[in-house]
Amino acid sequence: MKHARLLASIVAGSVLVSATALAAEDPKKTERTWKSKCATCHGQSGKGDTDKGKELKIVDMTTPGFQAKKDDELRKAILDGVEKEKSHAFKGELTPEQVDALVAYVRGFKK
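Reading guide: rules and limits
Residues numbered from 1 in each chain as written. Predicted model: local features only at pLDDT ≥ 70, side-chain atom pairs only at ≥ 80, totals over all residues. Heavy atoms only, no water. Helix = DSSP H or I, 4+ residues; strand = E, 2+ residues; numbered from the N terminus. Buried < 20%, exposed > 50% of the residue type's maximum accessible area, 1.4 Å probe, protein only. Contact = heavy atoms within 4.5 Å. Areas by Shrake-Rupley, 256 points an atom, 1.4 Å probe, with all protein chains shown as cover. Core = buried A, V, L, I, M, F, W, Y, C linked by side-chain atoms within 4.5 Å. Arc of directions from axis to C-beta. Polar contact = N/O pair within 3.5 Å; in protein donor to acceptor, adjacent residues only side chain to side chain. Phe/Tyr/Trp six-rings, centres within 6.5 Å; stacked < 30°, edge-to-face > 60°. Salt bridge = Lys/Arg side-chain N within 4 Å of Asp/Glu carboxyl O.

1. What to know about the overall build of the protein
Then, number 1: The number of helices and strands found in the protein is seven helices and zero strands.
Then, number 2: Moving toward the C terminus, one meets the helices and strands of the protein in the order α-α-α-α-α-α-α.
Then, number 3: Going through the 111 residues of the protein one by one, you find that 28% of them count as buried.
Then, number 4: Counting only contacts in the protein whose residues sit at least 6 apart along the sequence, the fraction spanning at least 24 positions is 50%.
Then, number 5: As presented, the protein carries roughly 7800 Å² of accessible surface, and 60% of it is formed by carbon and sulfur atoms.

Shown next, in the form of structure tokens:
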């Protein structure tokens with residue numbers, strides 16, 4: 001009986017780890033999402049240094065001030081857009097996992 005419980009625990013743990021791994025967004029996919037949906041204005045490194053980014057006065061995502069924003073603020077900006085910057089809203093276009101992956105990607109711009 002003891003072995004059966006141990007085996008059941010191992011199987012349950014394996015299923016949980018597998019589900020978590022499947023739910024996590026592939027870093028290469030996240031990078032492709034960034035490039036296709038965000039980089040035109042925000043730039044490859046989040047500095048807003050593209051022609052369109054300069055025109056719209058896009059904020060530099062690498063600054064400590066930007067990086068101090070809460071993850072929920074970033075999720076809201078991705079989903080609802082940012083009116084001041086004429087940023088596109090991606091609600092309905094991106095999955096919650098893709099949004100979370102983009103938030104993590106943006107955190108990688110930290111100076």
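2. Some remarks on the nonpolar core
Then, number 1: Core analysis: the biggest nonpolar cluster contains 14 residues, and Trp 34, Met 61, Ile 78, Leu 94 and Val 106 have the highest contact counts within it.
Then, number 2: Among the elements that line this core, the one with the most residues is helix α7 (residues 96-107), at four residues.
Then, number 3: Ignoring anything within four residues of it in the chain, the contact list for Ile 78 reads His 88, Ala 89, Phe 90, Leu 94, Val 99, Leu 102 and Val 103.

3. Digging into helix α2 (residues 27-37)
Then, number 1: Among all positions in α2, only Thr 30, Thr 33 and Trp 34 are buried. Along the axis of α2, the buried residues cluster in a sector spanning 100°; they form a single face. Away from its buried face, by an angle of more than 90 degrees, α2 presents the exposed residues Lys 28, Arg 32 and Ser 36.
Then, number 2: On its buried face, α2 is in contact with α3 (39-42) and α7.
Then, number 3: Capping of α2 at its N-terminal end is provided by Asp 26; its side-chain oxygen lies 3.0 Å from the backbone amide nitrogen of Lys 28.

4. Looking at the packing of aromatic side chains
Then, number 1: One pass over the structure, following the stated rule, counts three aromatic pairs.
Then, number 2: Both rings, one in Trp 34 and one in Tyr 105, keep their centres 5.6 Å apart while their planes meet at 35°; by these two values the pair is tilted. Highlighted residues: Trp 34 in helix α2 and Tyr 105 in helix α7, separated in sequence by 71 residues.
Then, number 3: Each ring, one from Tyr 105 and one from Phe 109, has its centre 5.5 Å from the other, and the planes form 80°; the classification is edge-to-face.
Then, number 4: One aromatic cluster is present, built from ring pairs that chain together Trp 34, Tyr 105 and Phe 109.

5. Some details on the pattern of salt bridges
Then, number 1: Considering all chains together, one arrives at eight salt bridges under this definition.
Then, number 2: Here Arg 107 and Asp 71 are joined by a salt bridge, their closest N and O atoms 2.7 Å apart. Of this pair, Arg 107 sits in helix α7 while Asp 71 sits in helix α6 (residues 71-80), placing them 36 residues apart in sequence.
Then, number 3: A salt bridge links Lys 91 to Asp 80, with the shortest nitrogen-to-oxygen separation between them at 2.9 Å. Taken together, the residues span a long stretch of sequence, with Lys 91 in the loop between α6 and α7 and Asp 80 in helix α6 at a distance of 11 residues.
Then, number 4: A relative accessible area of 58% means that Lys 91 is categorised as exposed.
Then, number 5: Several salt bridges converge on common partners, so that one network encompasses Asp 72, Arg 75 and Asp 100.

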